[in-house]
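A closer look at the structure
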Amino acid sequence: MEKLPKIALPVVFGAIVLLILLAKSAVTIGSGEAGVLYKTFGGGVVTDEPPLGEGFHIVAPWNKVYVYEVRRQEIFEKMKVLSSNGLDIQLDASAWYKPDEANLGKLHQEIGENYLNRIILPTIRSAARSVVGRYTPEQLYSSKRDAIQREIFEETKKIVDDQYIVLDEILVRDVTLPPTIKDAIERKLKQEQESLEYEFRLVTAEKEAQRQRIEAQGKADANRILSASLTDKILQDKGIEATIKLSESNNSKVVVIGSGDSGMPIILGNQ
C-alpha cells in the first residue's frame with residue numbers, strides 16, 4: 001500500500017506528458033482550408049507532398065502546420081490613378097482570388113502567409129496605373145470600363161500565375177472623376193444625344209416626304225393613264241349604263257334632256 005503512491009506518480013506524470021504531446025500533435029483543418037507541414041528536423045517546408053486536407057491529423061509535436069484558406073476570397077481596393085492627360089481618377093475595384101492549393105507549400109516557402117499584401121495588391125495597383133494611363137477621362141467614364149477591367153485582369157494574372165496564386169476575376173466597380181470634368185463630360189454627352197435625336201428626326205421627315213412624293217407620283221401616273229384610256233365611245237357607254245341603272249330604281253325620277261359634246265346623255269334625277 002505504501003508503494004502505490006510511488007508507482008502512481010510516474011504513471012500520472014507520464015499520462016500528463018502524453019496528453020501534452022497529443023495536444024501538440026493533433027491538428028484539425030477546417031472546411032475550405034489546407035495545411036502546410038513544416039518539419040523542424042526534416043528539411044523545413046514540405047513542398048513535394050500535397051498539403052494536409054480538411055479534418056483531423058496527427059503530426060510530430062516538434063513540427064508545425066500552417067493553415068491557409070483555399071476557398072475563393074474577395075478583396076476591395078480604392079486606388080488613385082492618372083488618366084492619359086494627367087487627371088486624378090479614383091478607381092474602386094475588387095479581386096477574386098485564392099492560393100493554388102496544389103502548390104501551397106511553395107507559396108508558403110517563397111512568399112508566405114501575407115501573399116495578399118506582398119503580391120496581389122501591389123500587382124493590381126501597378127496594372128491599374130498602367131491601363132488607366134492609356135485612356136482619357138471621357139473614355140473611362142463612358143465606353144471603356146469593360147475594356148479597362150479586362151486589361152487590368154489580364155496584366156495582373158500574367159504576374160500572379162507564376163506566384164502560386166489563382167486569380168479568378170477583377171471587377172471595376174466605380175470610376176470617380178473630378179466633379180468639373182464629370183460635369184463637362186455629361187454636358188457633352190447630352191449634346192451628342194440631342195444631336196443624334198435631331199438627325200434622326202431629319203431622316204424620318206425626309207423619308208416621309210419621299211413616301212408622299214412617291215404616292216403623289218403614283219396617283220398622277222394612274223390619273224394620266226385613266227384619262228388617256230377614256231375615249232368618247234367609252235364615256236358614251238358609261239352614260240348609257242348609268243341611265244339604265246337610274247331608270248330601274250323605283251324611287252328615282254329620270255329625265256333625259258339631250259346629250260353633251262361627248263355624245264353622252266345629260267341625266268337629271270333625284271331619289
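What you are looking at is a predicted structure, and each value in this text was computed from that prediction instead of being measured.

Conventions adopted
Each chain carries its own residue numbering, running from 1 in the direction its sequence is written. With the structure being a predicted model, the display of local features is reserved for residues of pLDDT at least 70 and the display and counting of side-chain atom pairs for 80 or more, all residues being used for whole-chain, interface and lining totals. Neither water nor hydrogens contribute to the side-chain values; these are computed over all heavy atoms in the structure. Helix and strand definitions here come from DSSP, where helices need a minimum of 4 consecutive H or I residues and strands a minimum of 2 consecutive E residues; each element is numbered from the N-terminal end. The rule is simple: take the accessible area with a 1.4 Å probe, protein chains only, and divide by the maximum for that residue type; under 20% is buried, over 50% is exposed, in between is partly exposed. In what follows, a contact means two residues having at least one pair of non-hydrogen atoms within 4.5 Å. A pair of strands is considered paired only if DSSP assigns at least 2 bridges between the two. Here the axes come from fitting lines to C-alpha atoms, over the contacting stretch only for helices, and the angles between their N-to-C directions go from 0 to 180 degrees. Oblique is the label for any angle not under 35 degrees, not over 145, and not in the 65 to 115 range, which are roughly parallel, roughly antiparallel and roughly perpendicular in turn. Handedness of each helix crossing follows the sense of rotation of the near helix against the far helix: counterclockwise by less than a right angle gives left-handed, clockwise gives right-handed. All amino acids are sorted into three groups, where Ala, Val, Leu, Ile, Met, Phe, Trp, Tyr, Cys and Pro are nonpolar, Asp, Glu, Lys and Arg are charged, and the leftover types, Gly among them, are polar. Each aromatic pair joins two rings of Phe, Tyr and Trp (for Trp, the six-membered one) with centres within 6.5 Å, and gets the label stacked for planes under 30 degrees apart, edge-to-face for over 60, and tilted for any other angle. One speaks of a salt bridge when a side-chain nitrogen belonging to Lys or Arg is within 4 Å of a carboxyl oxygen belonging to Asp or Glu.

A few words now on the environment of Gln149. By the secondary structure assignment, Gln149 is in helix H5 (residues 145-160). Gln149 sits in the buried class, given a relative accessible area of 19%. In this structure, the C-alpha to C-alpha distance between Gln149 and Val172, residues 23 residues apart in sequence, is 5.6 Å. Once residues within four sequence positions are removed from consideration, Gln149 is found in contact with Ile170, Leu171 and Val172.

What follows is about the sheet that holds strand S5 (residues 64-69). Sheet strands pair by backbone hydrogen bonding; their relative direction is either parallel or antiparallel. Spatial strand order, S3-S2-S5: three strands in an open sheet with antiparallel pairing. Edge positions in the sheet fall to strand S3 (44-45) and S5, since each of these pairs with one other strand and no more.

With their axes 9 Å apart at the nearest point, helix H3 (residues 115-132) and H5 run at an angle of 135° to one another. Taken together, the axis directions place H3 and H5 in an arrangement best described as oblique. In this structure, H3 crosses over H5, and the sense of that crossing is right-handed. Together, Ile119, Thr123, Ile124, Ala127, Ala128, Ser130, Val131 and Val132 of H3 and Ile148, Glu151, Ile152, Glu155, Thr156, Ile159 and Val160 of H5 make up the contact between the two elements. Considered class by class, the residues forming the contact of H3 with H5 number 10 nonpolar, three polar and two charged.

Note that Arg150 resides in helix H5. On a C-alpha basis, the gap between Arg150 and Leu171 in space is 8.5 Å, while along the polypeptide they are 21 residues apart.

Taken as a whole and assessed by the stated rule, the structure comprises three aromatic pairs. Following the ring pairs from residue to residue traces out a cluster consisting of Tyr68, Tyr97 and Tyr115.

This part is about the pairing of strand S2 (residues 33-39). Regular strands show a simple pattern: their side chains alternate between the two faces of the sheet. As paired strands, S2 and S5 are joined by six bridges and run antiparallel to one another. By the bridge assignment for S5, Leu37 is matched with Val65. In this structure, S2 lies alongside S3, joined through two bridges in antiparallel fashion. Note on S3: the bridge partner recorded for Tyr38 is Val45.

This part is about the sheet that holds strand S8 (residues 165-176). The antiparallel open sheet is built from three strands, whose spatial order is S6-S7-S8. Each end of this open sheet is capped by a strand with a single partner; those strands are strand S6 (73-82) and S8. Averaged over all adjacent pairs, the angle separating strand axes in this sheet is 25°, with direction ignored. As paired strands, strand S7 (residues 88-99) and S8 are joined by 10 bridges and run antiparallel to one another. The residue of S8 that forms the bridge with Trp96 is Glu169. Its contacts with the sheet place H3 against S6, S7 and S8, and it is angled at close to 40° to S6.

Turning next to the pattern of salt bridges. A side chain with one charge can pair with a side chain of the opposite charge if their charged atoms come near. Taken as a whole, this structure holds eight salt bridges when the rule is applied. We note a salt bridge from Lys157 to Asp161, for which the minimum N-O separation is 3.5 Å. Here Lys157 falls in the partly exposed class, since its relative accessible area comes to 27%.

Let us look at the pairing of S7. Relative to S7, S6 runs antiparallel, the two being bridged by 10 bridges. Opposite Val81, over in S7, you have Ile89 as the bridge partner. Between S6 and S7, which follow one another and run antiparallel, lie five residues, and Gly86 among them has a positive phi close to 85°.

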